[in-house]
Amino acid sequence: MSPVQTTKMTNYRWIICSMLFFATTVNYMDRQVLSLTWKDFIAPEFHWTDADYGTITSVFSILYAVFCLFAGKFIDWMGTKKGYLWAIFVWSLGACLHAICGWVTMQIEGVESIAALKAVEAGSMTALSIATVSVYLFLFCRAILALGESGNFPAAIKVTAEYFPKKDRAFATSIFNAGASVGALAAPISIPPLAEVFGWEMAFIIIGGLGFVWMALWVFVYDKPNKSKHVNAAELTYINQDTETDEDPKNANDEGPTISFAKCFTYKQTWSFIVGKFMTDGVWWFYLFWAPAYFSDQFGYKSSSGMGQLLIFTLYFIVTVLSIFGGYLPKLFVEKKGMNPYAGRMLAMLIFAFFPLFALFAQPLAMWENSPIDPAWWPAIIIGLAGAGHQAWSANIFSTVGDMFPKSTIATITGIGAMAGGLGSMLINKISGNLFTYAEGQGEAFTFLGYDGKPAAYMIVFCFCAVAYLIGWVVMKTLVPKYKPVVVEE
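On a predicted model such as this, the values are computed, not experimentally measured, just so you know. (Residues numbered from 1 in each chain as written. Predicted model: local features only at pLDDT ≥ 70, side-chain atom pairs only at ≥ 80, totals over all residues. Heavy atoms only, no water.)

S.K.: Please explain helix 13 (residues 268–299) as it appears in this structure.
M.R.: Since the α-helix packs 3.6 residues into each turn, any two residues three or four apart lie on the same face. The terminal C-alpha atoms of helix 13, which comprises 32 residues, lie 45 Å apart, in line with the 46 Å expected from a rise of 1.5 Å per residue. Among the 32 residues of helix 13, 27 are classified as buried, and the element is accordingly described as predominantly covered. Of the residues trailing helix 13, Gly300 is marked for its positive phi of about 80°. (Helix = DSSP H or I, 4+ residues; strand = E, 2+ residues; numbered from the N terminus. Expected span 1.5 Å × (residues − 1). Buried < 20%, exposed > 50% of the residue type's maximum accessible area, 1.4 Å probe, protein only.)

Structure, rendered in structure tokens:
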């Protein structure tokens, strides 16, 4: 019996997975600071409308999309250690820079204090000028944030492919991807209180500073599996079980042939991933960016109030708890049903594509006059279930990249898909912001399915969110009906 067979396997890959979880948590907390402070803290100072906020979120989304297109290629070129360090440094810097937007606005507008900003007559030319200047300043900071954050998922997915065999990748991805839910879960109970006590500026600085802590840890924690002193031969053999190699697992270091950026777009597998991300990422970002404003608009629960925080916490608690199982389900299909990883993933994704249909009931139950509980709880629970479906879907769609493409190109394809997701997010956030402002102005004259005004606008968006996943799945299955890995001639 060989030493590899008799030596107890190390489990350092889970330490690496925990670092990816931490990074993704920080990523989403940085992204959430604005959504949890704009309505109650920032908008009164700068006289923002829903359309202004919609512009900021949509521009962030399109910039994120553009940067993602190149971030993956950058990660593949730079390597996961240095590439990830650069990504989190840039986005943490961008997060902290938001804090100076108020001061710079006052300098440009010649206003001496925050109280003077708030006192400007709403609708006046001065108020419009303040709103315009501040929006552009926030857009600049969001651009830096988007540049850095675009590297997170390409790097994380590439690290997952380096440290986990195919059958475990969706589960590992669901664990680190749960950081998105945990970040969104921690945000409402930490960010509004920080903004309330120290000011919204300090909320950006404190949360943004967490990224620099992660950087200090990553320098010492990460090395490629075959170079890490914490990974023994038994674990390396387990990691490389999908790779045909000789008896020495340390020789399994080939990432496969490199695929040119342009050639990536010639594969149906790439377009399948693009469509899946484009149709569904915007739904998650809509929930992320607009849920706090929804509870404030619909029920009067500000994000700084105890009830507002509890509603958002409950929503993302449901997402967090249920979504982790999403990555484990295809593992069961592979190990218990004997399915190949891609087939197991697609079946799991079909199941999770039905979860967002719950969104169809969010607005009807929110308007339930005789509800036995506060009607606000219904959309919190329902959006939580829909969000859990998204996160489970997300863990599996990311893993399809590792099923189909060589390791050398995983970050590039992930970046291309993230670009498509960012484009979808830009569209849904811009359209939603304009729709909400228009519906509010029209009042009872704007109707949809028996609702009027802003509730009607929310119902329109919820309808799209409900069916987007099933549409995405059908197109993906049509493009790549069966497991078909990309074969590149070297």
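Additional details are given in the paragraphs that follow.
S.K.: Which parts of the structure should I look at to understand empty space enclosed by the protein?
M.R.: Gaps left between atoms show up when a probe the size of a water molecule is rolled over them. Within the structure shown, the criterion is met by four cavities of 30 Å³ or more. Along the wall of the largest cavity there are 14 residues; nearest its centre are Tyr28, Phe153, Lys277, Asp281 and Phe398. Listed by contribution, the elements that provide at least two residues to the lining of the largest cavity are helix 9 (166–198), helix 13 and helix 17 (377–404). Looking at the lining of the largest cavity residue by residue, the class counts come to eight nonpolar, four polar and two charged. As a volume, the second largest cavity reaches approximately 70 Å³. Mapped onto the lining of the second largest cavity, the elements with two or more residues apiece are helix 13 and helix 17. A per-class count over the lining of the second largest cavity returns seven nonpolar, three polar and no charged. (1 Å grid on protein atoms, 1.4 Å probe; cavity = no way out; pocket = protein on both sides within 12 Å on 5 of 7 lines; lining within 4 Å. Points joined across faces, edges and corners; volume = space filled by probe spheres on them. Nonpolar A, V, L, I, M, F, W, Y, C, P; charged D, E, K, R; others polar.)

S.K.: Would you mind going over the layout of surface pockets with me for this structure?
M.R.: Taken as a whole, the second largest pocket holds about 220 Å³ of empty space. If you go around the second largest pocket, the residues you meet are Phe278, Met279, Gly282, Gly424, Leu427, Ile428, Ile431, Ser432, Ile460, Val461 and Phe464. Counting residues per element, the ones that place at least two in the lining of the second largest pocket are helix 13, helix 18 (410–442) and helix 19 (454–479). Looking at side-chain class alone, the lining of the second largest pocket contains eight nonpolar, three polar and no charged residues.

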